[in-house]
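# Secondary and tertiary structure notes
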Amino acid sequence: MFGVLISLLSGALMSVQGVFNTNVTRHTSLWVSAAFVQASALAVCLIAWCFTDRSSFAALWSVPDKYTLLGGVIGAFITATVIKGMELLGPAKAAMLIVICQLSVAWLIELLGIFGVEKQLFSLRKLIGLCIAIAGVVTFEL
């Protein structure tokens, strides 16, 4: 149950953050806004680190799949694309498309078993669920 609540909170925070970041971009620029978001996130993470686990940053060098260290780079592009998507489409439409794409790519990662994720069998039920979600987006937009 805790996982469900955390995931719902994450979705809500992403939507609010996207709106906030889009507003900041109106007064600055896309990359200034994205850089500020990433810098302020770094500050919060470092402060939280000081008060929690305090594990060594040297542990990053022991991560076996070095490509997974690119999460922050991907995060910068996530921030920029969410800002631009919300600016061009509005928060609701952008969020719906983002979530549908997240679901589709996550399922594909599971089906192919890539990036260290355990491979899952194809499920017709999941395909139907994805199609229903896509139909919901189309219905929402009509």
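Preceding block: the structure.
Reference entry: report on the structure contained in this document. (Residues numbered from 1 in each chain as written. Predicted model: local features only at pLDDT ≥ 70, side-chain atom pairs only at ≥ 80, totals over all residues. Heavy atoms only, no water.)

## Regarding the side chain of T25
Within the secondary structure layout, T25 lies in helix α1 (residues 2-27). Taking relative accessible area as the criterion, T25 reaches 9% and is therefore assigned buried. Within polar-contact distance, the side chain of T25 engages the side chain of S33 at 3.1 Å. Leaving out residues up to four positions away in the same chain, T25 has contacts with L30, S33, I83 and E87. (Helix = DSSP H or I, 4+ residues; strand = E, 2+ residues; numbered from the N terminus. Buried < 20%, exposed > 50% of the residue type's maximum accessible area, 1.4 Å probe, protein only. Polar contact = N/O pair within 3.5 Å; in protein donor to acceptor, adjacent residues only side chain to side chain. Contact = heavy atoms within 4.5 Å.)

## Brief notes about a nonpolar patch on the surface
Together, W31, Y67, L70, V73, I74, F77, I78, L108, L112, I114, F115 and V117 give the surface a local cluster of nonpolar side chains, amounting to about 1200 Å² of exposed area. Broken down by secondary-structure element, the contributors of at least two residues to the nonpolar patch are α3 (71-89) and α4 (91-112). Sorting elements by how many residues they give to the nonpolar patch places α3 first, with four residues. You can see V73 is positioned in helix α3. (Patch = residues over 30% accessible without salt bridge, like charges linked within 9 Å, V, L, I, M, F, W, Y side chains within 5 Å. Areas by Shrake-Rupley, 256 points an atom, 1.4 Å probe, with all protein chains shown as cover. Salt bridge = Lys/Arg side-chain N within 4 Å of Asp/Glu carboxyl O.)

## A look at unusual backbone geometry
Residues other than glycine seldom take positive phi values, yet R54 does so here, at roughly 55 degrees. The residue R54 is located in the loop between α2 (30-51) and α3 in this model. For F115, which is not glycine, the phi dihedral falls at a positive 60 degrees. Tracing the backbone shows F115 in the loop between α4 and α5 (124-141). Here F115 falls in the exposed class, since its relative accessible area comes to 52%.

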